[in-house]
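Descriptive structure summary
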Amino acid sequence: MNLQCPSLFEQSAYIGGKWIDSTALPRIPVSNPSTGDIIGSIPQVSAEQVTEAIECAQAALQDWRGWSSRERASVLREWAALVNNHRDDLATILCVEQGKPLHEARAEITQASNYLDWFAEEARRIYGDNIPAPRRNQRIRVLHQPIGVCGAFTSWTFPSSMVARRVGAALAAGCTVIHHPDPQTPFSALALCALGENAGLPRGVLSVLTGETEPIRTRLLASNDVRKISFTGSIDEGKRLMSMCSDTVKKVSLELGANCPFIVFADADIDLAVKGALDARFRHSGQAAMCANRFFVHEDVYESFVAKLVSKVAVMKVSDGLAEGAQIGPLISDAAVARIEELVDDAVRAGAAIATGGARLNAGSNFYKPTVLTDVKPSMNICGDEILGPVASVLPFRDEDDVIALANDTRTGLAAYFYTTDISRAFRVMEALECGVVGVNDSLVFNEVAPFGGIKESGMGREGAHSGVEEYLEAKYVCFGNL
């Protein structure tokens with residue numbers, strides 16, 4: 001990969017401040033989705049090593065939670081600076097293991113640095129409360145203290161920024177973290193861990209466990225010492241994880257599936273809406289929960305919007321993410337492409353039309369042409385849960401109330417986007433949409449300063465903003481009596 005700092009490409013697990021690369025452990029290969037080439041391998045940690053990581057995290061907790069907020073902030077700030085300084089190397093690692101175009105990978109690394117820097121500041125703003133007591137001889141205080149050892153499961157969609165957003169918040173709160181990255185994209189997390197070690201994270205405060213998820217998850221969720229689990233994945237897996245956490249009554253944060261609507265009203269700026277649609281659907285090759293799935297366009301501007309969208313989508317460059325000018329990278333696996341093929345074929349059989357795209361770039365590759373479907377009906381499977389691919393399904397609508405009902409007609413509620421120049425409508429629609437995030441005349445709305453998370457079956461909890469740290473704190477009420 002021609003890294004300026006080759007040591008960032010780490011192929012070991014990290015447990016209690018030690019890099020683990022025993023020859024006795026099975027190895028799991030990791031491939032480049034653009035080429036299929038094996039780029040490295042990771043060890044499958046054993047159940048005993050998961051237990052060791054929990055014990056190290058529990059031992060480190062007492063010291064780490066005792067650090068002053070300024071001391072924890074200093075480490076996080078240094079970590080953020082190191083991530084920013086090594087942005088090009090980290091972006092290359094991300095691009096090669098996940099596939100997204102290099103310019104998007106660089107943007108993700110910048111966002112990871114921003115999250116760490118933000119939580120460095122939030123570490124110094126974990127305030128308590130002084131509450132007026134109901135009796136003259138009482139004084140009431142509320143303390144906000146770290147919940148304890150946390151387990152964090154992140155997905156392959158954002159293998160760097162998601163780690164920083166989750167782990168940074170937990171560490172700022174004074175928790176210790178055992179992190180399990182998706183085995184398809186482990187190297188970004190390991191590189192971040194190496195930089196965290198260089199920034200001064202004490203031994204045991206952060207461990208990164210590599211390998212297949214199930215044996216790691218089972219041991220973490222069964223442990224009484226692990227008090228909080230955060231998870232990104234499918235709805236079904238999230239529900240199963242919640243059930244498994246019930247035995248020890250762990251606190252749970254879930255980032256699950258989504259089916260985000262994108263609405264274009266008749267009075268919208270069509271050119272702005274088309275630009276927003278490209279960002280909302282085709283960034284990251286459509287492989288993100290917050291990508292728009294269903295495009296509802298008012299019938300008065302439907303043809304104009306579709307024509308302009310198709311003209312842009314048809315000329316998007318599909319290639320290896322490292323290639324100059326790449327706009328659409330590969331999907332994460334052959335299975336992911338096969339799923340998109342079936343969804344598109346099913347829609348066509350049900351009456352949808354392919355305006356552009358609609359097939360793999362080359363037989364056997366993980367590249368799928370950016371696609372626009374018209375004549376789509378809400379009942380089609382492609383309008384179901386998130387599709388995780390570069391396909392925009394466009395549906396006409398006539399009435400504001402009807403389109404809000406269509407937008408909300410889903411079991412999930414992560415994000416929604418709409419375009420209008422009517423300020424009254426903006427407030428009506430913003431309040432009526434059932435989701436955790438709304439973009440009005442903009443689709444690039446995600447950042448470290450605002451809370452990220454969904455409602456309904458999209459999950460629970462919030463990340464980013466001050467809400468991100470609050471997820472890792474517990475309130476302790478203290479009453480001083482007979483004063």
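Our structure's up above, just so we're on the same page.
Here we summarise the structure given alongside this text. (Residues numbered from 1 in each chain as written. Predicted model: local features only at pLDDT ≥ 70, side-chain atom pairs only at ≥ 80, totals over all residues. Heavy atoms only, no water.)

**Some points on helix α5 (residues 161-173)**
With 13 residues, α5 extends 18 Å between its outermost C-alpha atoms, agreeing within 8% with the 18 Å of an ideal straight helix rising 1.5 Å per residue. At the C-terminal side of α5, Gly174 shows a positive phi close to 100 degrees. (Helix = DSSP H or I, 4+ residues; strand = E, 2+ residues; numbered from the N terminus. Expected span 1.5 Å × (residues − 1).)

**Remarks on the packing of aromatic side chains**
The tally for this structure, following the rule as stated, stands at 11 aromatic pairs. Aromatic side chains Trp64 and Trp67 sit 4.9 Å apart centroid to centroid with 50 degrees between the ring planes, which places their arrangement in the tilted category. Classification of Trp64 as buried rests on a relative accessible area of 0%. The exposure class assigned to Trp67 is partly exposed, which follows from its relative accessible area of 23%. Taking 5.3 Å as the distance between ring centres and 70 degrees as the angle between the ring planes, the aromatic pair formed by Phe446 and Phe452 counts as edge-to-face. (Phe/Tyr/Trp six-rings, centres within 6.5 Å; stacked < 30°, edge-to-face > 60°. Buried < 20%, exposed > 50% of the residue type's maximum accessible area, 1.4 Å probe, protein only.)

**Things to note about the nonpolar core**
Counting residues in hydrophobic clusters, the biggest one holds 58 residues, and the most contacted among them are Trp79, Val83, Leu90, Leu171, Leu201 and Leu206. Residues contacting Leu206, with those up to four places away along its chain left out, are Tyr14, Trp79, Val167, Val177, His179, Cys193 and Leu201. Formed by 41 residues, the second largest nonpolar core is a distinct cluster that contains Cys260, Val274, Ala277 and Val372. (Core = buried A, V, L, I, M, F, W, Y, C linked by side-chain atoms within 4.5 Å. Contact = heavy atoms within 4.5 Å.)

**Considerations on the packing of helix α7 (residues 213-222) against helix α8 (residues 235-245)**
Closest axis-to-axis distance for the α7/α8 pair is 9 Å, and the angle between their directions is 35 degrees. For the element pair α7 and α8, the recorded crossing hand is right-handed. Facing Glu214, Arg217, Thr218 and Leu221 of α7, the residues of α8 in contact are Glu237, Arg240, Leu241, Met244 and Cys245. Residues that form the contact of α7 with α8 fall into these classes: 4 nonpolar, 1 polar and 4 charged. (Axes fitted to C-alpha atoms, helices over the stretch in contact; angles between N-to-C directions. Left-handed = near helix turned anticlockwise from the far one by under 90°. Nonpolar A, V, L, I, M, F, W, Y, C, P; charged D, E, K, R; others polar.)

**With respect to the sheet that holds strand β19 (residues 437-440)**
Read across the open sheet, the 7 strands follow the order β14-β15-β16-β13-β12-β18-β19; overall the sheet is mixed. Every other strand in the sheet has two partners, leaving β14 (353-356) and β19 as the edge strands with one partner each. Each strand of the sheet is rotated relative to its neighbour by a mean of 25 degrees, with strand direction disregarded. Each of β12 (260-264), β13 (292-298), β15 (371-374), β16 (391-397) and β18 (415-419) is contacted by helix α9 (residues 270-282), which is oriented at about 170 degrees to β12, the strand it contacts most. (Pairing = 2+ DSSP bridges.)

**Topic: the pairing of strand β6 (residues 139-146)**
Strand direction decides the pairing type here: strand β5 (residues 129-131) and β6, joined by 3 bridges, are antiparallel. Bridging across to β6, Asn130 finds its partner in Arg141. Across 8 bridges, the pairing between β6 and strand β22 (residues 473-480) is antiparallel. Bridge pairing links Arg141 to Val478 in β22.

**Quick look at the side chain of Thr412**
Structurally, the position occupied by Thr412 is in strand β17 (residues 412-413). Of the residues examined, Thr412 reaches a relative accessible area of 1% and is grouped as buried. Within polar-contact distance, the side chain of Thr412 engages the backbone nitrogen of Asn259 at 3.1 Å. Polar contacts involving the side chain of Thr412 include one to the side chain of Thr410, which spans 3.1 Å. Setting aside anything within four residues of it in sequence, one finds Thr412 in contact with Ile235, Gly257, Ala258, Asn259, Asp385, Glu434, Ile455, Lys456, Glu457 and Ser458. (Polar contact = N/O pair within 3.5 Å; in protein donor to acceptor, adjacent residues only side chain to side chain.)

**What about the packing of α9 against helix α10 (residues 302-313)?**
The geometry of α9 relative to α10 is characterised by a closest axis approach of 10 Å and an angle of 50 degrees between their N-to-C directions. Classified by the angle their axes make, α9 and α10 are oblique. Read as a crossing pair, α9 and α10 show a hand that is right-handed. Counting all contacts with α9, which are made through Ile270, Asp271, Ala273, Val274, Ala277, Leu278 and Phe282, the residues of α10 involved are Ser304, Phe305, Lys308, Leu309, Lys312 and Val313. In the contact of α9 with α10, the residues fall into 9 nonpolar, 1 polar and 3 charged. (Parallel < 35°, antiparallel > 145°, perpendicular 65-115°, else oblique.)

**Quick look at the sheet that holds β6**
Taken in spatial order, the 3 strands line up as β5-β6-β22 in an open sheet, and their pairing is antiparallel. Strands at the two margins of the open sheet, each flanked by one partner only, are β5 and β22. For this sheet the average axis-to-axis angle between neighbouring strands, irrespective of direction, equals 25 degrees.

**As for the environment of Gly99**
Positionally, Gly99 belongs in the loop between α3 (87-98) and α4 (102-122). Overall, Gly99 belongs to the buried group, its relative accessible area being 0%. Distance in space between the C-alpha atoms of Gly99 and Leu254 is 25 Å, their sequence separation being 155 residues. Not counting residues up to four positions away in its chain, the partners in contact with Gly99 are Pro33, Leu94, Gly321, Gly329 and Pro330.

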